[in-house]
Amino acid sequence: MATVGRALLIVAFAVALYGVGASLYGAFRGGHAWVDSGRRAVYALAGVLTLAFAIMEIAFLRSDFSFNVVATHSSTTTPTFYKATAAWSSQEGSLLLWVWLLSIWSSLALLITRRRVREVAPVATAVLMTFGAFFLMLTLFWANPFESLAQVPQEGTGLNPLLRHPAMMFHPPMLYSGYTLFSIPFAFAIGALVTRRLNAEWIVSTRRFALGAWLCLGIGIVLGARWSYTELGWGGYWAWDPVENASLLPWLTGTAFIHSIMIQERRGMLKVWNASLVLATGTLAILGTFLVRSGILDSIHAFGASTLGIPFLILIGAMVLGSVGLVTWRRADLRSEHQLDSLFSREAVFLLQNLILVALAFVVWWGTFFPLISEAVTGTRASVGPPWFDKYTVPLAFALVALSGIGPLIPWRRLTMASVRRGFVLPGAAALLTVLALLLVPGAWQEPKAAAFAGVVAFVLTSVGQELWRGMRARQASAREPAPVALAGVVRRNRRRYGGYVVHAGFAVLLLGVAVSSSFQHAKDVTLRPGQTARVDGFDIRYVRATARAEAEKISLGAVLDVSKDGKQVATLRTTRGFYPSQDISQGIVGRFFGGERESEVGLRAGFGRDIWTVIAPDLAPLTPIIERGNRTFRTAMVGIMSKPDGDQQQAVAQLYALRDAAVTAVARRWVTSPWPADFRFIVSPLATWIWIGAIITFLGGLLALWPAPATARRRVTAGYAARVARELARTTQ
Amino acid sequence: MELLIVFAVVLAVVAFVGMPLRGRARGLDPDAAARAELADLQAAKEAKYQEIRDAELDQRTGKLSRADHQLLDAELRTEAIALLKRIDALRARSDAAHTEAAEAESVTSPPAVG
């Protein structure tokens, strides 16, 4: 089926090119029939790529090693769940996933907007299909997932052990969904600029896609952080790695965009700013994709060095120059229709928040690209680490969280002293009380930044709670409903507003978790024998016993640990280090079972108060003489077998392999029968779980804001206001 | 077999994508600009209604005093009325253009021979 796959990619490439041509010809010369045909080309692209992607997935699930990509990224021993996800652990498969998702989301966007933004849509279609053609060109000429092998191997290399984590099933598809969904407002912005339809309609038509992109990218980032926390064995969730940063950049500018478009929708303001933001976000999404694939910056998450850098640089260059040129060309059409009424209004808060988000994005961009910048300027590659990022991002994040609490309290257009009194007293008091209460907690003032952060978070949570309470009371007063029904009713009728508030609350909780867990974290690296105990942040952690398991897929050496505090048992932790077999036969018949990739299974006791985290790093040095003896013995036996007649050889090899497996198991068992000291890392992080809880709240809020209001309710509300304004209109024209 | 699958896919794609081109050719839409402007105004009107709703909710939740709300509401309603007037004017212009075009067509068309 590899031939069918390759042919489908060629068909898809031709369809994408046709889509670009037909849409542009239809927009400027040919008329509706060509525009319709161009739009259908997007649907057809989605269909063809779905078939191609299905062929690749089936090849992975069937362990069809005639596909090079399957042979190098999967194996028969890989669990089925991970066989399905192995497709996007490769450069080739992930490029196909990218363009497939682009075709799906583009089809959805064009289907929804087929009766709207008629002038803008054909140009947007051409832009989306240009992205499609670009990625298909890469899969056809640089990294073809359907490349087949002349000699089919018996077994594949297997999936990188670090990627065998449930979060990895969803992390790349969510990230790519975020990137490709951001292509949609980007494409429509280009269309609006080219056709000079720069009012609110293109924004109204694509804002849900921007919000969807923000949501998917955010979930992808958090899944990546969770994977890092529970799989990478260093105990952190964010390392300011270039690839992590690359995904954060469009998320930050996208966050700014979904806030500032509200001002353009309502007041016709900030048109230049919004166009620039969405164009920057689209470009940063491609930049993120480029960073993972080009190998220009060192990262644990990257695919390594490749030749994809040049085509990506050309695309990014064209996007930057085209965006700047278009905004400059249309600057007269992008003039604001109104001025800011007051510096103390929700619009002003949004603007300030936008500036902070863009400043954050700039800091992250500068730190990420500093190695390249320093190399270009000084000839020496220098990089900046987490302390540099923290120095600038912490105060900016602090201001951002504070604004996310202030924004909901301020009305649109103008703020009066009376509304300051009504809105700010309770949240302000909550913030003050929180900070004062922290005075009573021993050690809290050693980290004043964390204490101040807790105060700001209390402000945000109280302001959001107050808004929900007041909304509910207002609904109760008018509809005479019980409290829960009234709350559900007011939220249902104002999903965008209250969904946004829930996002603010979740984000504040998330950042509180980050601030407290990093400020008050206790970490310790120790070497223990079974029976020995280490003390970390008041917890006694005892190494109870060693564990070992030998399976076809990997050998796991681990430990069971008992955690107690003041003599009371708190938790039992289990951590292992997995050793995957190597394909390198030079490591010996026994040695190769210990010489492949390695991965850690973290022992974690997560709680609302604190996480107790541990990882083991067994030292294999004591096993080396035994492994070498095994290598020599089995090599000699194998040489003996090779001198036997053909008929006896097969049976002898099977017997030898059975003996080898028993020997490998016995070697691994020595970890349990004659245990030697093991290295452990213990981390106690207060409130770390709140990072994930905050993320879940944030995304639930995003989902609430994204969820469309029921059509009948929307029509009823609109009709009510329309009738009211029409009555007013009749009165003014009498 | 593989060739057959690819051929079937190509055939289906060509038929599906080319379908709009097989019908009567539809040229550029002369009303496109007016329709686009109308769509923009409709979007602006919906946004204005949303603003009115938000202001009302702001008043009910205590962010705006009754006096401030009355002032803002009047301002928003004036803006909404201005938008409705622009929508009506655009519709009237569009209708007039259609009537003119229909009359011109009836004058230039040869009389039907019965």
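Above this note sits the structure.
Here goes a summary of the coordinates provided. Because the structure is predicted, anything quoted here is derived from the model rather than measured.

## Examining the overall build of chain B
Alright, step 1. Across its full length, chain B holds 3 helices and 0 strands.
Alright, step 2. Starting at the N terminus and ending at the C terminus, chain B contains elements arranged as α-α-α.
Alright, step 3. A total of 114 residues make up chain B; the buried ones form 24% of that total.
Alright, step 4. Pairs at least 24 apart in sequence give 71% of the contacts found in chain B among residues at least 6 apart.

## Looking at the overall build of chain A
Alright, step 1. Scanning chain A from terminus to terminus reveals 21 helices and 9 strands.
Alright, step 2. Across its three principal axes, chain A shows a C-alpha extent of roughly 110 × 70 × 60 Å.
Alright, step 3. Across the 734 residues in chain A, those meeting the buried criterion constitute 50%.
Alright, step 4. Relative to all contacts within chain A whose residues are 6 or more apart in sequence, the contacts with residues 24 or more apart total 76%.

## As for the packing of helix α9 (residues 242-267) of chain A against helix α12 (residues 346-378) of chain A
All names here are of chain A.
Alright, step 1. Packing of α9 against α12 brings their axes to within 9 Å, and their N-to-C directions diverge by 160 degrees. As summarised for this structure, α9 and α12 are arranged roughly antiparallel, according to the angle between their axes. In the packing of α9 onto α12, the handedness of the crossing is left-handed.
Alright, step 2. Class assignment for the residues of the contact of α9 with α12 results in 15 nonpolar, 8 polar and 2 charged.

## What about the interface of chain B and chain A?
Alright, step 1. Each side of the interface is counted separately: chain B has 47 residues, and chain A has 49 residues.
Alright, step 2. Taken together, the elements giving at least two residues each to the side of chain B that touches chain A come down to α1 (2-22), α2 (32-60) and α3 (66-108) of chain B.
Alright, step 3. Take the side of chain B that touches chain A: its biggest share by element is 18 residues, from α2(B).
Alright, step 4. Partitioning the side of chain B that touches chain A into residue classes produces 27 nonpolar, 6 polar and 14 charged.

## Remarks on the sheet that holds strand β3 (residues 539-550) of chain A
All names here are of chain A.
Alright, step 1. The 5 strands are arranged β2-β3-β4-β5-β6 in an open sheet whose pairing can be described as antiparallel. Where the open sheet ends on each side, the last strands, each with one partner, are β2 (533-536) and β6 (598-601). Ignoring strand direction, the axes of neighbouring strands in this sheet form an average angle of 25 degrees.
Alright, step 2. Sheet analysis places β2 next to β3, joined by 4 bridges and oriented antiparallel. Bridge pairing in β3 links Val 536 to Phe 539.
Alright, step 3. Strands in contact with helix α19 (residues 646-673) are β3 and β4 (555-565); relative to β3, the strand with the most contacts, it is inclined by about 165 degrees.

Scoring rules and cut-offs
Residues numbered from 1 in each chain as written. Chains lettered and ligands numbered in written order. Predicted model: local features only at pLDDT ≥ 70, side-chain atom pairs only at ≥ 80, totals over all residues. Helix = DSSP H or I, 4+ residues; strand = E, 2+ residues; numbered from the N terminus. Buried ≥ 20, exposed ≤ 12 C-beta atoms within 10 Å, placed from the backbone. Contact = placed C-beta atoms within 7 Å. Axes fitted to C-alpha atoms, helices over the stretch in contact; angles between N-to-C directions. Parallel < 35°, antiparallel > 145°, perpendicular 65-115°, else oblique. Left-handed = near helix turned anticlockwise from the far one by under 90°. Nonpolar A, V, L, I, M, F, W, Y, C, P; charged D, E, K, R; others polar. Pairing = 2+ DSSP bridges.

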